[in-house]
Amino acid sequence: MDQDKLSGLTDIERKILWLACWTVHNANHLRAKDDVKVGGHQASCASMTAIMTALYFHTLRPEDRIAVKPHASPVFHAIQYLVGNQTREKLENFRGFGGAQSYPSRTKDVDDVDFSTGSVGLGVAITAFSSIIQDYIAAKPWATDRKLGRMIALVGDAELDEGNIYECLQEGWKHDLRNCWWIIDYNRQSLDGVVREGLWERIEAIFGAFGWEVVRLKHGVLQRAAFEEPGGDKLRDWIDTCPNQLYSALTYQGGAAWRDRLMNDIGDQSDVSALLDRRSDEELSDLMNNLGGHCLKTITDAFDAIDHDKPTCFLAYTIKGWGTPLAGHKDNHAGLMNKAQMAEFQTKMGVPEGQEWDHFAGLDNVEAARALIENAPFFADGTRRFSAPVVEAPGPIWLDDDKLSTQAGFGKILDKIAQSDSPIAERIITTSPDVTVSTNLGPWVNRRGLFARDEQADTFRDQKIPSTQKWAFSREGQHIELGIAEMNLFLALGAAGLSHSLYGERLLPIGTVYDPFVARGLDALNYACYQDARFMIVGTPSGVTLAPEGGAHQSIGSQLIGISQDGLTSFEPAFLDELSVIMDWSFDYMQRDGEGDPDERTWLRDETGGSVYLRLTTRPIEQPPRRRDDEAFKRGVIDGAYWWREPGPNTDLVIAYQGCVAPEAIEAAGRIANDRRDTAVLAVTSADRLTAGWFAAQRARRRGQLDASSHADRLMAQVPRHAAIVTVTDGHPATLGWLGAVVGHRNIPLGVEHFGQTGTVSDLYRHFGIDTDSIVTAAQNLIPGKPIRQFREVV
């Protein structure tokens, strides 16, 4: 790199450091009158300034994608401000309502965020899965020819405590990961203190074991030059063996403390004494702080030297708070410079008062810096958000089985799509954490194959060993095989679900997992939804219907996850025709990208689109008469509920069910009808959509739109006020227990509240009180009148 460019980069680095620290200081100062401490991690972001300067203004190209570590967000926003992608108003309102976000956000920030970060570790790992998805798209004949980019993560060293990092490393090794850089900010400090000695050795060993190249950036140009002087070898040995806590403490104390310690430890050797004596205290401090992660030339040289696509880990030694008065102090994680320190820092940075937001105030080489900013390759094409055309769904795929489970029905619907040449068939990508076959993805995989960049034959088939599975890998494959790690599942779905925005190609990702283990990947699920990734997750089997497996394989609260998770619409169909309607609607919903105005019929923001969660079961159920031409039925399924048996003016009781307890609910209604008139049955397909619409309509009424009425409002308005409701589901009773509150009906919610055990479905339903007898008994206790006779079906 020529000296003029290096000088310009150095100026930009100083400006970015200033803007980042000023943004945090300004936001805290403006809100001090409200006794609000905004925070902002001045020390944490300072350690990444040189690395991010080198990346954004030297190394990155438009096709690259980057996940910025959470606490470096002020640096990211400062860079975006310099290039015109961020506004002063947003920075002045940093961490405030409507301002620049505390951690980079694809959905909340206006600047060019590739991957949201915030939940540590996840922003790192998604870059690996995004690289795999990039390779997947590039292998397909329908894909537009685009340059392959590098997927880059800026990683805090404390993030390496997160277990999902290592799950991801193993999965990346299995999939021959490439074009992925992780740059570790090795400042050796975490929130609560200083990291343990020797961590760098473990980092290098682990990454090396999984096939990564490891590049250590430990010493900057000043240190390497000093090492060439007489006595320099002894100085290097001292630096390399100095405990982390001591190095941090001396950094905070400054040049005089460095000199005293070095003289005491190695200064009795004349050549070392002379090396130290040639430098003032300030120069000595600069030398000892000149670690590789703060040296632009060291960093850019290391980046430029990578001439391959092998995954690469850069272990960049840094000092937390570098360049600020907070540097090195163990308590500086959320530290903020006080007004006096900030004034001194402003003088040091050469920024005149009143020009704090100026792009070039205080720079030594304005023209070089301006040229680098204006000509940075990464920003040459503007913001890098793509879009992709909507892939039309073929319409509901109907099944004619008289008795089948929803899990089996899901597999048959996908199999029918796999057999077709419809546009949607080539855009579906499936994945599963080692439960592909047991969640009924097997037929899809048999027809569409598994993906790998290099072909891998199915040895069992080649050896003519009978098998129902065709387990061959090729570039044409449409299933990504994952190991048993649900965090990886949701990270893969998140990466694939952003393909239209990151790569301009539409994918329709579908993942399957045993329903109780949705919770094992919940952090990554939430992370994927926060980014507005689009996918379908199928949790199956669900409830206690996987009875012989015992409590560890039975789900209780997953329905409540579906209700509460933003960006995710959940359904739990009981019957195959419901499932057909839901899947067809979901393929369209996953691709919507509207403005979010609610549909005043349901008060749901369906035009915004989102991801979909299907809670299915392996319990076979007898199917009702064909309803495929009934538009009211199909609309009710999507809205969240429809009347299986409508209420009348004399209705005393409504039985509302969701999911595979339909036979119990319907049979109970039949028994009760012998002694009570007009017993109604409400088939709920989505408690999530019912509650969302109900809450939204209430908000509209509070805002003055008094005629706002949700689907739940209209359904319950049909029920006489004297009637009572029994709700039942194979899951937590709170899923439907709110229905009585819509209009004010008495309500008994039945469901599962405790861990199950082994047994039959009948055993467990009876144990948890969600069998037919229990429903009838609950009704008897809720409505007055003569006892309800417990007629049972004669088998």
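Residues numbered from 1 in each chain as written. Predicted model: local features only at pLDDT ≥ 70, side-chain atom pairs only at ≥ 80, totals over all residues. Heavy atoms only, no water.

S.K.: Explanation requested: the overall build of the protein in the structure shown.
M.R.: Secondary structure assignment for the protein yields 32 helices and 20 strands. A compact globule built from 795 residues should have a C-alpha radius of gyration of about 28 Å, and the protein, at 31 Å, falls within 12% of that. Its C-alpha atoms put the protein at 105 × 70 × 45 Å along the principal axes. Residue burial in the protein is summarised as follows: out of 795 residues, 61% are buried. Long-range contacts, defined here as pairs at least 24 residues apart, represent 77% of the contacts in the protein between residues at least 6 apart. Counting only carbon and sulfur atoms, one obtains 49% of the accessible surface of the protein, whose full area is about 31,100 Å². Positive and negative charge centroids in the protein, built from 81 and 109 side chains respectively, lie 4 Å apart. (Helix = DSSP H or I, 4+ residues; strand = E, 2+ residues; numbered from the N terminus. Rg over C-alpha atoms; globule rule 2.2 N^0.38 Å. Buried < 20%, exposed > 50% of the residue type's maximum accessible area, 1.4 Å probe, protein only. Contact = heavy atoms within 4.5 Å. Areas by Shrake-Rupley, 256 points an atom, 1.4 Å probe, with all protein chains shown as cover. Lys, Arg positive; Asp, Glu negative; His and termini not counted. Charge placed at Lys NZ, Arg CZ, Asp CG, Glu CD.)

S.K.: Could you clarify how one ought to interpret the sheet that holds strand S4 (residues 213-217) in this entry?
M.R.: Two strands in a sheet stick together by hydrogen bonds in their backbones, pointing the same way (parallel) or opposite ways (antiparallel). Taken together, five strands build an open sheet; the order of strands is S1-S2-S3-S5-S4 and the sheet is parallel. This sheet does not close on itself; its edge strands, each paired only once, are strand S1 (65-67) and S4. Across the sheet, the axes of successive neighbouring strands diverge by a mean angle of 15°, strand direction being ignored. Here S1 pairs with strand S2 (residues 151-156) via three bridges, running parallel. Among the inter-strand pairings, alanine 67 is bridged to a residue of S2, identified as alanine 153. (Pairing = 2+ DSSP bridges. Axes fitted to C-alpha atoms, helices over the stretch in contact; angles between N-to-C directions.)

S.K.: Is there a simple way to explain the environment of glycine 539 in this structure?
M.R.: Relative to the helices and strands, glycine 539 is located in strand S12 (residues 536-539). Remark: the alpha-carbon pair of glycine 539 and glycine 511, spanning 28 residues in sequence, is separated by 8.6 Å.

S.K.: Any chance you could explain helix H32 (residues 772-782) here in plain terms?
M.R.: The α-helix advances 3.6 residues per turn, and as a result positions three or four apart in sequence lie on the same side. For H32, the full list of buried residues reads Thr772, Ile775, Val776, Ala778, Ala779 and Leu782. Along H32, the residues classed as buried sweep out an arc of 160° about the axis, all on the same side. Check the buried side of H32 and you find it contacts strand S17 (653-658), helix H28 (662-672), strand S19 (724-729) and strand S20 (746-750). (Arc of directions from axis to C-beta.)

S.K.: What am I meant to see in the packing of aromatic side chains here?
M.R.: Within a pair of aromatic rings, the relevant descriptors are the distance that separates the centres and the angle that separates the planes. Applying the stated criterion across every chain, the model contains 26 aromatic pairs. Measuring from centroid to centroid gives 4.9 Å for tyrosine 186 and tyrosine 317, while their planes differ by 85°, and the two rings are edge-to-face. Placement of the pair is tyrosine 186 in strand S3 (residues 180-186) and tyrosine 317 in strand S5 (residues 312-317), with a sequence separation of 131 residues. Owing to a relative accessible area of 1%, tyrosine 186 belongs among the buried residues under this scheme. With a relative accessible area of 3%, tyrosine 317 lands in the buried category. (Phe/Tyr/Trp six-rings, centres within 6.5 Å; stacked < 30°, edge-to-face > 60°.)

S.K.: Looking at this model, I keep getting lost on the nonpolar core. Mind explaining?
M.R.: Ranked by size, the top nonpolar core spans 151 residues in total, and within it Met52, Leu55, Tyr56, Phe57, Trp182, Trp238 and Met288 carry the most contacts. Counting residues per element, this core draws most heavily on helix H1 (residues 3-30), which supplies twelve residues. Counting residues in each nonpolar core, the second largest holds 74 residues, with Phe587, Met590, Ala668 and Ile775 among its members. (Core = buried A, V, L, I, M, F, W, Y, C linked by side-chain atoms within 4.5 Å.)

S.K.: How do you make sense of the pattern of salt bridges when you look at a structure like this?
M.R.: A side chain with one charge may pair with a side chain of the opposite charge, provided their charged atoms come close. Evaluation of the coordinates by the stated rule reveals 45 salt bridges. Between aspartate 114 and arginine 65 there is a salt bridge, with the nearest N and O atoms lying 3.9 Å from each other. Highlighted residues: aspartate 114 in the loop between helix H5 (88-92) and helix H6 (122-138) and arginine 65 in strand S1, separated in sequence by 49 residues. Residue class for aspartate 114 comes out buried when judged on its relative accessible area of 3%. The network of salt bridges with shared partners includes Asp135, Asp176, Arg178, Asp309 and Arg453. (Salt bridge = Lys/Arg side-chain N within 4 Å of Asp/Glu carboxyl O.)

S.K.: Can you walk me through a negative patch on the surface in this structure?
M.R.: Judged by side-chain charge, Asp599, Glu600, Glu607 and Asp707 come together as a negatively charged surface patch. When you line up the elements, glutamate 607 lands in the loop between helix H26 (576-589) and strand S14 (611-615). For glutamate 607, a relative accessible area of 45% gives the class partly exposed. (Patch = residues over 30% accessible without salt bridge, like charges linked within 9 Å, V, L, I, M, F, W, Y side chains within 5 Å.)

S.K.: Got a minute to help me understand the sheet that holds S20 in this structure?
M.R.: The strand order S16-S18-S17-S19-S20 describes an open sheet built from five strands, whose pairing is mixed. Looking along the sheet, the strands with just one partner apiece sit at the ends: strand S16 (641-645) and S20. Strand after strand, the sheet turns through a mean of 20° between neighbouring axes, direction not considered. Examined bridge by bridge, S17 and strand S18 (residues 680-684) share five bridges and lie parallel to one another. Within S18, the position partnered with glutamine 658 by the bridge is valine 684. The strands touched by H32 are S17, S19 and S20; relative to S19, the strand with the most contacts, the crossing angle is about 160°.

S.K.: What is the right way to read the packing of H26 against helix H27 (residues 631-639) from this model?
M.R.: Each packed pair of helices is defined by two parameters, the angle between the axes and the distance between the axes. For the pair H26 and H27, the least separation of the axes is 9 Å and the interaxial angle reads 65°. With respect to each other, H26 and H27 are oriented roughly perpendicular. Crossing geometry of H26 relative to H27 is assigned as right-handed. Within the contact between the two elements, H26 uses Asp577, Glu578, Val581, Ile582 and Trp585 and H27 uses Phe633, Lys634, Val637 and Ile638. For the contact of H26 with H27, a count of residues per class yields six nonpolar, no polar and three charged. (Parallel < 35°, antiparallel > 145°, perpendicular 65-115°, else oblique. Left-handed = near helix turned anticlockwise from the far one by under 90°. Nonpolar A, V, L, I, M, F, W, Y, C, P; charged D, E, K, R; others polar.)

S.K.: What is the right way to read the pairing of S19 from this model?
M.R.: Each regular strand displays side chains that alternate between the two surfaces of the sheet. With respect to burial, S19 is a largely interior element, six of its six residues being buried. Side-chain alternation along S19 places Ala724, Val726 and Val728 on one buried face and Ile725, Thr727 and Thr729 on a second face that is also buried. Where S17 lies against S19, six bridges are found, and the strand directions are parallel. Each residue of the ladder has a partner; that of valine 654, found in S19, is isoleucine 725.

S.K.: Looking at this model, I keep getting lost on unusual backbone geometry. Mind explaining?
M.R.: If a residue is not glycine, its phi is most likely negative; likewise, a peptide bond is most likely trans. Omega for the peptide link from threonine 540 to proline 541 comes to -5°, which places this bond in the cis form. Although it is not a glycine, tryptophan 603 adopts a positive phi angle of roughly 65°. Tracing the sequence through the fold places tryptophan 603 in the loop between H26 and S14.

S.K.: What am I meant to see in the environment of lysine 403 here?
M.R.: Its location among the elements puts lysine 403 in strand S6 (residues 403-404). The sequence separation of lysine 403 and isoleucine 424 amounts to 21 residues, and the corresponding C-alpha distance is 28 Å. Those residues within four positions of lysine 403 in sequence are excluded, and the remaining contacts are Pro620, Ile621, Glu622 and Gln623.

S.K.: Help me out: how do you make sense of the pairing of strand S7 (residues 428-433) in this one?
M.R.: The element S7 is largely enclosed, with a buried count of six among its six residues. Alternating positions in S7 separate into two faces, Ile428, Thr430 and Ser432 on one and Ile429, Thr431 and Pro433 on the other, with burial throughout. In this structure, S7 lies alongside strand S11 (residues 508-513), joined through four bridges in parallel fashion. Looking at the pairing, threonine 430 lines up with isoleucine 510 of S11. Across four bridges, S7 lies against strand S10 (residues 479-482) in parallel orientation. From the neighbouring strand, proline 433 faces S10, where its bridge partner is leucine 482.

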